[in-house]
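If you want the building blocks of each chain, they are given just below.
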Amino acid sequence: MFQKILIANRGEIALRVLRACKELGIQTVVVHSTADADAMHVRLADESVCIGPPPSRDSYLNIHQIVAACEITGADAVHPGYGFLSENAKFADILAAHNITFIGPSGDHIRIMGDKIEAKRTAKRLGIPVVPGSDGAVTDQKEARRIAAEIGYPVIIKASAGGGGRGMKVALTEADLEIALQTASTEAGAAFGDDAVYIEKYLEKPRHIEVQVFGDGAGRGVHFGERDCSLQRRHQKVWEEAPSPALNAEERARIGNICAKAIADLGYSGAGTIEFLYENGEFYFIEMNTRLQVEHPVTEAITGIDLVHEQIRVASGGGLSVRQEDIKFSGHAIECRINAEDPRTFTPSPGTITHFHTPGGLGIRVDSGVYSGYKIPPYYDSLIGKLIVHGRNRVECMMRLRRALDEFVVDGIKTTLPLFRDLVGNADIANGDYDIHWLEKYLAKEE
Ligand code: MV4
(Lines give C-alpha, C1' and ligand atoms only; values in the text may rest on other atoms or scores of the structure.)
Protein backbone atom coordinates (compact mmCIF):
# COMPACT_ATOMS: atom_id res chain seq x y z
CA MET A 1 0.00 0.00 0.00
CA PHE A 2 1.09 3.59 -0.59
CA GLN A 3 2.73 5.60 2.23
CA LYS A 4 1.83 9.02 0.87
CA ILE A 5 -0.57 10.21 -1.84
CA LEU A 6 -0.43 13.61 -3.51
CA ILE A 7 -3.85 14.96 -4.47
CA ALA A 8 -3.61 16.98 -7.67
CA ASN A 9 -6.96 18.72 -7.47
CA ARG A 10 -9.07 21.19 -5.44
CA GLY A 11 -12.55 21.70 -4.03
CA GLU A 12 -14.92 18.95 -3.02
CA ILE A 13 -13.09 16.19 -4.89
CA ALA A 14 -9.76 16.96 -3.18
CA LEU A 15 -11.58 16.59 0.14
CA ARG A 16 -13.29 13.40 -1.06
CA VAL A 17 -9.93 11.78 -1.90
CA LEU A 18 -8.36 13.09 1.31
CA ARG A 19 -11.08 11.34 3.34
CA ALA A 20 -10.39 8.03 1.61
CA CYS A 21 -6.65 8.36 2.26
CA LYS A 22 -7.25 9.10 5.96
CA GLU A 23 -9.45 6.02 6.29
CA LEU A 24 -6.75 3.89 4.70
CA GLY A 25 -4.02 5.36 6.95
CA ILE A 26 -2.20 6.97 4.03
CA GLN A 27 -0.36 10.30 4.46
CA THR A 28 -1.68 13.13 2.26
CA VAL A 29 -0.11 15.98 0.33
CA VAL A 30 -2.18 18.56 -1.47
CA VAL A 31 -1.02 21.02 -4.06
CA HIS A 32 -2.80 24.34 -4.46
CA SER A 33 -2.71 27.66 -6.25
CA THR A 34 -2.29 30.96 -4.41
CA ALA A 35 -6.07 31.45 -4.79
CA ASP A 36 -6.76 28.28 -2.75
CA ALA A 37 -4.54 28.89 0.30
CA ASP A 38 -7.69 29.01 2.53
CA ALA A 39 -9.38 25.96 1.04
CA MET A 40 -10.63 23.18 3.31
CA HIS A 41 -8.52 20.46 1.70
CA VAL A 42 -5.38 22.53 2.30
CA ARG A 43 -6.27 22.87 5.98
CA LEU A 44 -7.02 19.16 6.43
CA ALA A 45 -4.07 17.65 4.53
CA ASP A 46 -0.92 16.50 6.30
CA GLU A 47 1.22 18.62 3.97
CA SER A 48 0.56 21.21 1.30
CA VAL A 49 2.62 22.71 -1.50
CA CYS A 50 1.74 25.96 -3.27
CA ILE A 51 2.43 25.31 -6.95
CA GLY A 52 1.61 28.59 -8.63
CA PRO A 53 -0.70 31.51 -9.37
CA PRO A 54 -4.51 31.22 -9.80
CA PRO A 55 -4.83 30.32 -13.51
CA SER A 56 -5.16 26.52 -13.83
CA ARG A 57 -2.57 26.28 -16.58
CA ASP A 58 0.03 27.73 -14.18
CA SER A 59 -0.96 25.59 -11.18
CA TYR A 60 -3.35 22.60 -11.34
CA LEU A 61 -2.32 21.85 -14.93
CA ASN A 62 1.40 22.44 -14.40
CA ILE A 63 2.86 18.94 -14.69
CA HIS A 64 6.43 19.93 -13.81
CA GLN A 65 5.38 21.66 -10.61
CA ILE A 66 3.29 18.68 -9.55
CA VAL A 67 6.08 16.19 -10.24
CA ALA A 68 8.45 18.46 -8.27
CA ALA A 69 5.96 18.53 -5.38
CA CYS A 70 5.96 14.70 -5.41
CA GLU A 71 9.76 14.61 -5.31
CA ILE A 72 10.01 17.18 -2.50
CA THR A 73 7.41 15.50 -0.29
CA GLY A 74 8.26 11.88 -1.18
CA ALA A 75 4.75 11.05 -2.40
CA ASP A 76 4.59 7.60 -4.02
CA ALA A 77 1.28 8.10 -5.86
CA VAL A 78 -0.90 10.86 -7.33
CA HIS A 79 -4.69 10.97 -7.31
CA PRO A 80 -5.81 13.36 -10.08
CA GLY A 81 -9.51 13.65 -9.11
CA TYR A 82 -11.65 14.68 -12.11
CA GLY A 83 -10.99 17.42 -14.67
CA PHE A 84 -7.52 19.04 -14.69
CA LEU A 85 -4.91 16.29 -15.41
CA SER A 86 -7.18 13.30 -14.75
CA GLU A 87 -7.38 12.29 -18.44
CA ASN A 88 -3.96 13.52 -19.53
CA ALA A 89 -2.04 10.53 -20.96
CA LYS A 90 1.25 12.44 -20.96
CA PHE A 91 0.88 13.15 -17.22
CA ALA A 92 0.29 9.43 -16.52
CA ASP A 93 3.37 8.55 -18.61
CA ILE A 94 5.59 11.18 -16.94
CA LEU A 95 4.61 10.00 -13.46
CA ALA A 96 5.37 6.40 -14.46
CA ALA A 97 8.80 7.49 -15.74
CA HIS A 98 9.44 9.02 -12.29
CA ASN A 99 8.33 5.84 -10.51
CA ILE A 100 5.29 7.63 -9.11
CA THR A 101 2.00 5.75 -9.43
CA PHE A 102 -0.80 7.52 -11.29
CA ILE A 103 -4.04 6.45 -9.59
CA GLY A 104 -5.88 5.70 -12.79
CA PRO A 105 -5.49 3.66 -15.97
CA SER A 106 -2.36 3.45 -18.14
CA GLY A 107 -1.39 6.34 -20.39
CA ASP A 108 -2.18 4.11 -23.36
CA HIS A 109 -5.75 3.43 -22.24
CA ILE A 110 -6.30 7.15 -21.57
CA ARG A 111 -4.96 7.91 -25.06
CA ILE A 112 -7.27 5.40 -26.77
CA MET A 113 -10.38 6.76 -25.06
CA GLY A 114 -9.37 10.39 -25.64
CA ASP A 115 -9.50 9.73 -29.38
CA LYS A 116 -13.24 9.26 -29.92
CA ILE A 117 -12.79 7.38 -33.22
CA GLU A 118 -10.30 4.99 -31.64
CA ALA A 119 -12.52 4.66 -28.55
CA LYS A 120 -15.52 3.68 -30.66
CA ARG A 121 -13.50 1.22 -32.72
CA THR A 122 -12.18 -0.35 -29.49
CA ALA A 123 -15.65 -0.52 -27.93
CA LYS A 124 -17.05 -2.22 -31.03
CA ARG A 125 -14.19 -4.77 -31.10
CA LEU A 126 -14.91 -5.54 -27.42
CA GLY A 127 -18.58 -6.31 -28.12
CA ILE A 128 -20.11 -3.07 -26.84
CA PRO A 129 -23.08 -1.83 -28.95
CA VAL A 130 -22.20 1.44 -30.71
CA VAL A 131 -24.17 4.11 -32.60
CA PRO A 132 -24.41 3.20 -36.32
CA GLY A 133 -22.06 5.37 -38.37
CA SER A 134 -18.77 5.69 -40.20
CA ASP A 135 -16.05 3.16 -39.39
CA GLY A 136 -13.46 5.88 -38.82
CA ALA A 137 -12.66 9.42 -39.89
CA VAL A 138 -14.63 10.84 -42.84
CA THR A 139 -12.76 13.21 -45.11
CA ASP A 140 -14.61 13.68 -48.38
CA GLN A 141 -18.16 14.77 -49.11
CA LYS A 142 -18.94 11.84 -51.38
CA GLU A 143 -18.07 9.31 -48.70
CA ALA A 144 -20.08 11.33 -46.15
CA ARG A 145 -23.14 11.31 -48.43
CA ARG A 146 -22.86 7.55 -48.97
CA ILE A 147 -22.60 6.78 -45.23
CA ALA A 148 -25.38 9.22 -44.27
CA ALA A 149 -27.71 7.75 -46.90
CA GLU A 150 -26.93 4.26 -45.59
CA ILE A 151 -27.64 5.00 -41.89
CA GLY A 152 -30.42 7.49 -42.64
CA TYR A 153 -30.96 11.11 -41.61
CA PRO A 154 -30.65 12.93 -39.28
CA VAL A 155 -26.93 12.38 -38.75
CA ILE A 156 -24.42 14.01 -36.42
CA ILE A 157 -20.82 14.94 -37.24
CA LYS A 158 -18.47 14.71 -34.27
CA ALA A 159 -14.83 15.70 -33.74
CA SER A 160 -12.57 12.77 -32.90
CA ALA A 161 -10.64 14.98 -30.49
CA GLY A 162 -13.87 16.41 -29.03
CA GLY A 163 -16.06 14.78 -26.45
CA GLY A 164 -18.37 16.11 -23.79
CA GLY A 165 -20.37 17.86 -26.49
CA ARG A 166 -17.63 19.97 -28.05
CA GLY A 167 -17.38 20.01 -31.83
CA MET A 168 -20.69 18.48 -32.92
CA LYS A 169 -22.94 19.38 -35.87
CA VAL A 170 -26.31 17.88 -36.79
CA ALA A 171 -27.40 17.44 -40.42
CA LEU A 172 -31.17 16.94 -40.71
CA THR A 173 -31.06 16.22 -44.45
CA GLU A 174 -28.49 15.78 -47.22
CA ALA A 175 -28.82 19.54 -47.91
CA ASP A 176 -27.17 20.25 -44.50
CA LEU A 177 -24.43 17.64 -44.81
CA GLU A 178 -21.76 19.52 -46.75
CA ILE A 179 -21.74 22.55 -44.44
CA ALA A 180 -21.99 20.39 -41.29
CA LEU A 181 -18.97 18.32 -42.32
CA GLN A 182 -16.95 21.37 -43.31
CA THR A 183 -17.70 23.47 -40.21
CA ALA A 184 -17.25 20.53 -37.82
CA SER A 185 -13.86 19.73 -39.32
CA THR A 186 -12.67 23.37 -39.41
CA GLU A 187 -13.84 24.00 -35.84
CA ALA A 188 -12.19 20.79 -34.63
CA GLY A 189 -8.90 21.78 -36.28
CA ALA A 190 -9.01 25.21 -34.65
CA ALA A 191 -10.12 23.98 -31.20
CA PHE A 192 -8.13 20.74 -30.86
CA GLY A 193 -5.42 20.86 -33.52
CA ASP A 194 -6.99 17.75 -35.06
CA ASP A 195 -9.62 18.12 -37.80
CA ALA A 196 -10.66 14.43 -37.91
CA VAL A 197 -14.45 13.99 -37.74
CA TYR A 198 -16.80 11.01 -37.89
CA ILE A 199 -20.49 10.48 -38.66
CA GLU A 200 -23.21 8.87 -36.57
CA LYS A 201 -26.95 8.38 -36.76
CA TYR A 202 -28.42 11.25 -34.70
CA LEU A 203 -30.62 9.95 -31.89
CA GLU A 204 -33.37 12.48 -31.27
CA LYS A 205 -34.69 11.76 -27.77
CA PRO A 206 -32.24 9.54 -25.92
CA ARG A 207 -31.38 9.31 -22.27
CA HIS A 208 -27.76 9.54 -21.13
CA ILE A 209 -27.02 6.36 -19.19
CA GLU A 210 -23.49 5.53 -18.07
CA VAL A 211 -22.10 2.32 -16.59
CA GLN A 212 -19.54 2.47 -13.76
CA VAL A 213 -16.80 -0.08 -14.35
CA PHE A 214 -13.57 -1.09 -12.69
CA GLY A 215 -10.65 -3.19 -13.92
CA ASP A 216 -7.84 -4.66 -11.86
CA GLY A 217 -5.35 -4.35 -14.73
CA ALA A 218 -4.84 -8.11 -14.68
CA GLY A 219 -7.85 -9.30 -16.63
CA ARG A 220 -10.66 -8.90 -14.10
CA GLY A 221 -13.49 -6.44 -14.68
CA VAL A 222 -16.64 -5.59 -12.74
CA HIS A 223 -19.53 -3.17 -13.13
CA PHE A 224 -21.28 -1.15 -10.42
CA GLY A 225 -24.51 -0.57 -12.31
CA GLU A 226 -25.55 2.57 -14.15
CA ARG A 227 -26.29 6.23 -13.54
CA ASP A 228 -28.85 8.29 -15.42
CA CYS A 229 -27.38 11.70 -16.20
CA SER A 230 -29.94 12.94 -18.71
CA LEU A 231 -30.75 16.10 -16.75
CA GLN A 232 -28.14 18.50 -18.06
CA ARG A 233 -27.76 21.96 -19.50
CA ARG A 234 -25.17 22.81 -22.17
CA HIS A 235 -23.43 19.48 -21.50
CA GLN A 236 -23.12 20.24 -17.79
CA LYS A 237 -24.84 17.60 -15.69
CA VAL A 238 -27.19 19.03 -13.09
CA TRP A 239 -28.93 16.02 -11.48
CA GLU A 240 -27.80 12.39 -11.59
CA GLU A 241 -29.44 9.27 -10.27
CA ALA A 242 -28.85 5.58 -9.77
CA PRO A 243 -30.40 3.32 -10.83
CA SER A 244 -31.85 4.81 -14.03
CA PRO A 245 -35.65 5.13 -13.79
CA ALA A 246 -35.74 3.79 -17.36
CA LEU A 247 -34.10 0.37 -16.88
CA ASN A 248 -35.23 -2.92 -15.43
CA ALA A 249 -32.95 -5.43 -13.66
CA GLU A 250 -32.56 -7.55 -16.78
CA GLU A 251 -31.42 -4.62 -18.97
CA ARG A 252 -29.06 -3.49 -16.18
CA ALA A 253 -27.43 -6.91 -15.91
CA ARG A 254 -27.16 -7.25 -19.70
CA ILE A 255 -25.39 -3.95 -20.37
CA GLY A 256 -23.39 -4.19 -17.12
CA ASN A 257 -22.04 -7.62 -18.00
CA ILE A 258 -21.12 -6.52 -21.52
CA CYS A 259 -19.15 -3.60 -20.02
CA ALA A 260 -17.46 -5.69 -17.30
CA LYS A 261 -16.30 -8.25 -19.86
CA ALA A 262 -14.98 -5.51 -22.17
CA ILE A 263 -12.98 -3.97 -19.32
CA ALA A 264 -11.54 -7.37 -18.43
CA ASP A 265 -10.58 -8.08 -22.07
CA LEU A 266 -9.02 -4.63 -22.43
CA GLY A 267 -6.83 -5.25 -19.35
CA TYR A 268 -8.06 -1.91 -18.05
CA SER A 269 -6.96 -0.74 -14.61
CA GLY A 270 -8.96 1.41 -12.20
CA ALA A 271 -12.25 3.30 -12.47
CA GLY A 272 -13.97 4.01 -15.77
CA THR A 273 -17.34 5.11 -17.06
CA ILE A 274 -18.82 3.79 -20.28
CA GLU A 275 -21.30 6.32 -21.64
CA PHE A 276 -24.35 5.35 -23.66
CA LEU A 277 -27.28 6.97 -25.29
CA TYR A 278 -30.38 4.89 -24.56
CA GLU A 279 -33.43 5.05 -26.82
CA ASN A 280 -36.29 2.61 -27.50
CA GLY A 281 -34.76 -0.06 -25.27
CA GLU A 282 -31.35 -0.02 -27.01
CA PHE A 283 -27.94 1.09 -25.75
CA TYR A 284 -25.52 2.94 -28.02
CA PHE A 285 -21.94 3.56 -26.85
CA ILE A 286 -20.74 7.15 -27.33
CA GLU A 287 -17.62 7.63 -25.18
CA MET A 288 -15.64 6.25 -22.28
CA ASN A 289 -14.30 8.38 -19.42
CA THR A 290 -11.12 7.11 -17.83
CA ARG A 291 -11.51 8.88 -14.49
CA LEU A 292 -13.56 8.99 -11.31
CA GLN A 293 -16.64 11.10 -12.04
CA VAL A 294 -18.35 13.92 -10.17
CA GLU A 295 -21.47 11.77 -9.81
CA HIS A 296 -19.73 8.66 -8.40
CA PRO A 297 -21.44 9.07 -4.97
CA VAL A 298 -24.83 7.90 -6.26
CA THR A 299 -23.19 4.60 -7.19
CA GLU A 300 -21.52 4.46 -3.77
CA ALA A 301 -24.92 5.05 -2.14
CA ILE A 302 -26.65 2.13 -3.84
CA THR A 303 -23.71 -0.31 -3.61
CA GLY A 304 -22.19 0.71 -0.23
CA ILE A 305 -18.72 0.53 -1.81
CA ASP A 306 -16.16 3.33 -1.53
CA LEU A 307 -14.95 3.78 -5.12
CA VAL A 308 -11.92 5.87 -4.12
CA HIS A 309 -10.79 3.07 -1.79
CA GLU A 310 -11.08 0.73 -4.77
CA GLN A 311 -9.06 3.07 -7.00
CA ILE A 312 -6.27 3.25 -4.42
CA ARG A 313 -6.30 -0.53 -3.80
CA VAL A 314 -6.13 -1.35 -7.50
CA ALA A 315 -3.38 1.22 -8.21
CA SER A 316 -1.26 -0.14 -5.35
CA GLY A 317 -1.51 -3.67 -6.76
CA GLY A 318 -3.94 -4.96 -4.13
CA GLY A 319 -6.68 -5.81 -6.62
CA LEU A 320 -10.41 -5.21 -6.34
CA SER A 321 -12.01 -5.85 -2.93
CA VAL A 322 -15.13 -7.27 -4.58
CA ARG A 323 -16.17 -9.83 -7.17
CA GLN A 324 -19.20 -9.13 -9.36
CA GLU A 325 -21.41 -11.39 -7.24
CA ASP A 326 -20.52 -9.33 -4.13
CA ILE A 327 -21.90 -6.13 -5.65
CA LYS A 328 -25.52 -5.75 -4.59
CA PHE A 329 -27.77 -2.83 -5.48
CA SER A 330 -29.93 -1.35 -2.75
CA GLY A 331 -32.46 1.45 -3.09
CA HIS A 332 -32.21 4.67 -5.05
CA ALA A 333 -29.89 7.68 -4.93
CA ILE A 334 -30.03 11.19 -6.43
CA GLU A 335 -27.27 13.78 -6.61
CA CYS A 336 -27.88 17.52 -7.03
CA ARG A 337 -24.92 19.63 -8.08
CA ILE A 338 -24.86 22.81 -6.01
CA ASN A 339 -23.19 25.42 -8.18
CA ALA A 340 -22.36 29.03 -7.32
CA GLU A 341 -24.51 30.18 -10.23
CA ASP A 342 -27.78 31.93 -10.94
CA PRO A 343 -30.39 29.11 -10.85
CA ARG A 344 -31.99 30.22 -14.16
CA THR A 345 -29.20 31.68 -16.28
CA PHE A 346 -26.33 29.66 -14.73
CA THR A 347 -24.18 32.81 -14.70
CA PRO A 348 -21.33 32.23 -12.21
CA SER A 349 -21.78 33.90 -8.82
CA PRO A 350 -18.45 33.90 -6.98
CA GLY A 351 -18.02 35.79 -3.70
CA THR A 352 -18.17 35.20 0.04
CA ILE A 353 -20.49 32.58 1.52
CA THR A 354 -21.80 34.34 4.61
CA HIS A 355 -23.68 31.32 5.93
CA PHE A 356 -23.41 27.64 5.00
CA HIS A 357 -25.64 25.09 6.69
CA THR A 358 -25.92 21.56 5.36
CA PRO A 359 -28.81 19.12 5.82
CA GLY A 360 -28.38 15.91 7.78
CA GLY A 361 -30.19 12.78 8.86
CA LEU A 362 -30.60 9.30 7.44
CA GLY A 363 -29.63 8.90 3.80
CA ILE A 364 -28.09 12.35 3.38
CA ARG A 365 -24.53 13.02 2.21
CA VAL A 366 -23.04 16.42 1.41
CA ASP A 367 -19.64 16.54 -0.32
CA SER A 368 -18.33 20.09 -0.22
CA GLY A 369 -15.12 21.95 0.47
CA VAL A 370 -16.76 25.26 1.42
CA TYR A 371 -17.71 26.70 4.82
CA SER A 372 -19.28 29.85 6.34
CA GLY A 373 -16.98 32.78 5.58
CA TYR A 374 -15.31 31.03 2.61
CA LYS A 375 -14.66 33.24 -0.41
CA ILE A 376 -15.22 31.42 -3.71
CA PRO A 377 -12.44 32.40 -6.10
CA PRO A 378 -13.56 33.32 -9.64
CA TYR A 379 -10.93 31.23 -11.46
CA TYR A 380 -12.36 27.71 -11.37
CA ASP A 381 -15.60 25.88 -12.09
CA SER A 382 -18.61 26.81 -10.01
CA LEU A 383 -19.36 23.47 -8.29
CA ILE A 384 -19.34 24.20 -4.54
CA GLY A 385 -20.91 21.01 -3.31
CA LYS A 386 -23.04 17.98 -4.00
CA LEU A 387 -26.12 16.81 -2.15
CA ILE A 388 -26.52 13.05 -2.40
CA VAL A 389 -29.70 11.47 -1.05
CA HIS A 390 -30.40 7.76 -0.65
CA GLY A 391 -33.70 6.03 0.03
CA ARG A 392 -35.06 2.47 -0.12
CA ASN A 393 -36.82 3.32 -3.36
CA ARG A 394 -37.17 6.33 -5.66
CA VAL A 395 -40.27 7.70 -3.93
CA GLU A 396 -38.57 7.68 -0.53
CA CYS A 397 -35.46 9.21 -2.09
CA MET A 398 -37.48 12.09 -3.56
CA MET A 399 -39.31 12.73 -0.24
CA ARG A 400 -35.98 12.86 1.56
CA LEU A 401 -34.46 15.08 -1.13
CA ARG A 402 -37.29 17.60 -0.81
CA ARG A 403 -36.72 17.76 2.93
CA ALA A 404 -32.92 18.05 2.57
CA LEU A 405 -33.26 20.90 0.07
CA ASP A 406 -35.48 22.74 2.56
CA GLU A 407 -32.76 22.45 5.22
CA PHE A 408 -29.89 23.55 2.99
CA VAL A 409 -28.80 27.17 3.54
CA VAL A 410 -26.20 28.94 1.40
CA ASP A 411 -26.21 32.73 1.93
CA GLY A 412 -24.16 35.46 0.31
CA ILE A 413 -24.06 34.06 -3.24
CA LYS A 414 -26.54 32.68 -5.76
CA THR A 415 -26.74 28.90 -6.04
CA THR A 416 -28.64 26.30 -8.04
CA LEU A 417 -30.58 25.20 -4.91
CA PRO A 418 -33.82 27.00 -5.97
CA LEU A 419 -33.78 25.07 -9.28
CA PHE A 420 -33.68 21.76 -7.41
CA ARG A 421 -36.54 22.86 -5.14
CA ASP A 422 -38.57 23.37 -8.32
CA LEU A 423 -37.48 20.09 -9.90
CA VAL A 424 -38.45 17.89 -6.91
CA GLY A 425 -42.01 19.15 -7.30
CA ASN A 426 -42.24 18.54 -11.05
CA ALA A 427 -44.47 15.72 -12.32
CA ASP A 428 -42.11 14.55 -15.11
CA ILE A 429 -39.22 14.38 -12.66
CA ALA A 430 -41.39 12.52 -10.13
CA ASN A 431 -42.23 10.02 -12.85
CA GLY A 432 -38.63 9.72 -14.07
CA ASP A 433 -39.98 10.78 -17.43
CA TYR A 434 -37.19 12.86 -19.01
CA ASP A 435 -34.56 12.72 -21.77
CA ILE A 436 -31.36 14.68 -22.51
CA HIS A 437 -33.35 17.68 -23.79
CA TRP A 438 -35.88 17.88 -20.94
CA LEU A 439 -34.07 20.38 -18.70
CA GLU A 440 -33.23 22.86 -21.46
CA LYS A 441 -36.86 22.82 -22.64
CA TYR A 442 -38.05 23.31 -19.05
CA LEU A 443 -35.71 26.27 -18.50
CA ALA A 444 -36.80 27.87 -21.80
CA LYS A 445 -40.47 27.62 -20.72
CA GLU A 446 -39.81 29.09 -17.26
CA GLU A 447 -38.12 32.23 -18.61
C1 MV4 B 1 -25.15 12.24 -29.67
C2 MV4 B 1 -26.47 12.71 -29.61
C3 MV4 B 1 -27.39 12.17 -30.49
N4 MV4 B 1 -27.02 11.22 -31.37
N5 MV4 B 1 -24.83 11.31 -30.59
C6 MV4 B 1 -23.27 15.22 -26.48
C7 MV4 B 1 -22.12 15.01 -25.58
C8 MV4 B 1 -21.33 13.93 -26.16
N9 MV4 B 1 -20.83 13.09 -25.10
C10 MV4 B 1 -22.26 13.20 -27.05
N11 MV4 B 1 -23.43 14.02 -27.18
C12 MV4 B 1 -24.47 13.64 -27.94
N13 MV4 B 1 -24.19 12.68 -28.87
C14 MV4 B 1 -25.74 10.83 -31.40
N15 MV4 B 1 -25.39 9.89 -32.30
C16 MV4 B 1 -26.78 13.67 -28.65
C17 MV4 B 1 -25.78 14.15 -27.81
C18 MV4 B 1 -26.19 15.11 -26.82
C19 MV4 B 1 -26.16 14.79 -25.46
C20 MV4 B 1 -25.69 13.57 -24.99
C21 MV4 B 1 -25.65 13.28 -23.64
C22 MV4 B 1 -26.12 14.21 -22.72
C23 MV4 B 1 -26.59 15.40 -23.15
C24 MV4 B 1 -26.61 15.73 -24.51
C25 MV4 B 1 -27.10 16.95 -24.95
C26 MV4 B 1 -27.12 17.25 -26.27
C27 MV4 B 1 -26.65 16.33 -27.20
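The rules behind each value
Residues numbered from 1 in each chain as written. Predicted model: local features only at pLDDT ≥ 70, side-chain atom pairs only at ≥ 80, totals over all residues. Heavy atoms only, no water. Near = heavy atom within 4 Å. Polar contact = N/O pair within 3.5 Å; in protein donor to acceptor, adjacent residues only side chain to side chain. Areas by Shrake-Rupley, 256 points an atom, 1.4 Å probe, with all protein chains shown as cover. Helix = DSSP H or I, 4+ residues; strand = E, 2+ residues; numbered from the N terminus. Phe/Tyr/Trp six-rings, centres within 6.5 Å; stacked < 30°, edge-to-face > 60°. Lys NZ or Arg CZ within 6 Å of the ring centre and 35° of its normal. 1 Å grid on protein atoms, 1.4 Å probe; cavity = no way out; pocket = protein on both sides within 12 Å on 5 of 7 lines; lining within 4 Å. Points joined across faces, edges and corners; volume = space filled by probe spheres on them. Nonpolar A, V, L, I, M, F, W, Y, C, P; charged D, E, K, R; others polar. Domains from an automatic or database assignment. Pairing = 2+ DSSP bridges. Axes fitted to C-alpha atoms, helices over the stretch in contact; angles between N-to-C directions. Core = buried A, V, L, I, M, F, W, Y, C linked by side-chain atoms within 4.5 Å. Buried < 20%, exposed > 50% of the residue type's maximum accessible area, 1.4 Å probe, protein only. Contact = heavy atoms within 4.5 Å. Buried area = accessible area lost by both parts, 1.4 Å probe. Salt bridge = Lys/Arg side-chain N within 4 Å of Asp/Glu carboxyl O. Expected span 1.5 Å × (residues − 1).

> An account of the site of the ligand is requested, with residue identities and associated values reported.
Neighbouring the ligand are 18 residues, the closest being K158, E200, K201, L203 and E287. A distance of 2.7 Å is found between a nitrogen atom of the ligand and a backbone nitrogen or oxygen belonging to K201. Alone, the ligand offers 520 Å² of accessible surface; in the complex the protein occludes 92% of this. Taken together, the elements giving at least two residues each to the shell around the ligand come down to β6 (155-163), β8 (197-201), β12 (269-279) and β13 (282-289).

> Tell me about the packing of aromatic side chains, residues and numbers included.
Ring pairs (aromatic) are described by centroid distance and by the angle formed between their planes. In total, this model carries 11 aromatic pairs according to the counting rule given. Here the aromatic residues Y60, F84, Y379 and Y380 are joined through ring pairs into a cluster of three or more. Residue placement shows R207 over the ring face of Y434; its charged tip is 4.4 Å from the ring centre.

> An account of empty space enclosed by the protein is requested, with residue identities and associated values reported.
Counted by the stated rule, this structure contains 4 cavities of 30 Å³ or more. In this structure, the largest cavity encloses a volume near 170 Å³. Lining the largest cavity are 18 residues; nearest its centre among them are R10, G11, V370, Y374 and L383. Mapped by element, the contributors of at least two residues to the lining of the largest cavity are α1 (11-23), α2 (40-44) and β19 (383-391). Grouping the constituent residues of the lining of the largest cavity by class yields 10 nonpolar, 4 polar and 4 charged. Split by domain, the residues of the lining of the largest cavity number at least three in each of domain 1 (4-103) and domain 3 (207-446).

> How would you summarise the sheet that holds strand β17 (residues 364-368) if you had to cite specific residues and measurements?
Spatially, the 8 strands line up as an open sheet ordered β13-β12-β9-β10-β11-β14-β19-β17, and their pairing is antiparallel. The sheet terminates laterally at β13 and β17, the two strands that pair on one side only. For this sheet, the mean angle separating the axes of adjacent strands, direction not counted, is 25°.

> How would you explain the nonpolar core if you had to name every residue and give the values?
Judged by nonpolar contacts, the single largest core of 38 residues is most densely connected at W239, I384, L387, L401 and L423. For this core, the secondary structure elements donating two or more residues are β11 (236-242), β14 (332-339), β17, β19, α12 (394-407), α13 (417-423) and α15 (438-446). Take this core: its biggest share by element is 5 residues, from α12. Core analysis: the next-biggest nonpolar cluster, separate from the first, contains 33 residues, F2, V42, A45 and Y82 among them.

> Describe the domain arrangement of the chain, listing the residues and the values that go with them.
For the chain, the assigned domains are domain 1 (4-103), domain 2 (132-201) and domain 3 (207-446). Taking only C-alpha atoms into account, the centre of domain 2 sits 30 Å from that of domain 3. If you look at the interface, domain 2 gives 7 residues, while domain 3 gives 4 residues. Roughly 380 Å² of surface becomes buried between domain 2 and domain 3 when both sides are summed, with 49% attributable to carbon and sulfur atoms. Across the domain 2-domain 3 interface, the total number found is 0 salt bridges. Residues of the side of domain 2 that touches domain 3, tallied by class, amount to 2 nonpolar, 3 polar and 2 charged.

> Which residues make up α1, and what values go with them?
Look at α1: 19 Å from first C-alpha to last across 13 residues, which is about the 18 Å you get at 1.5 Å a residue. For α1, every residue scored as buried is listed here: E12, I13, A14, L15, R16, V17, L18, A20 and C21. Just beyond α1, the residue with positive phi is G25, at close to 70°.

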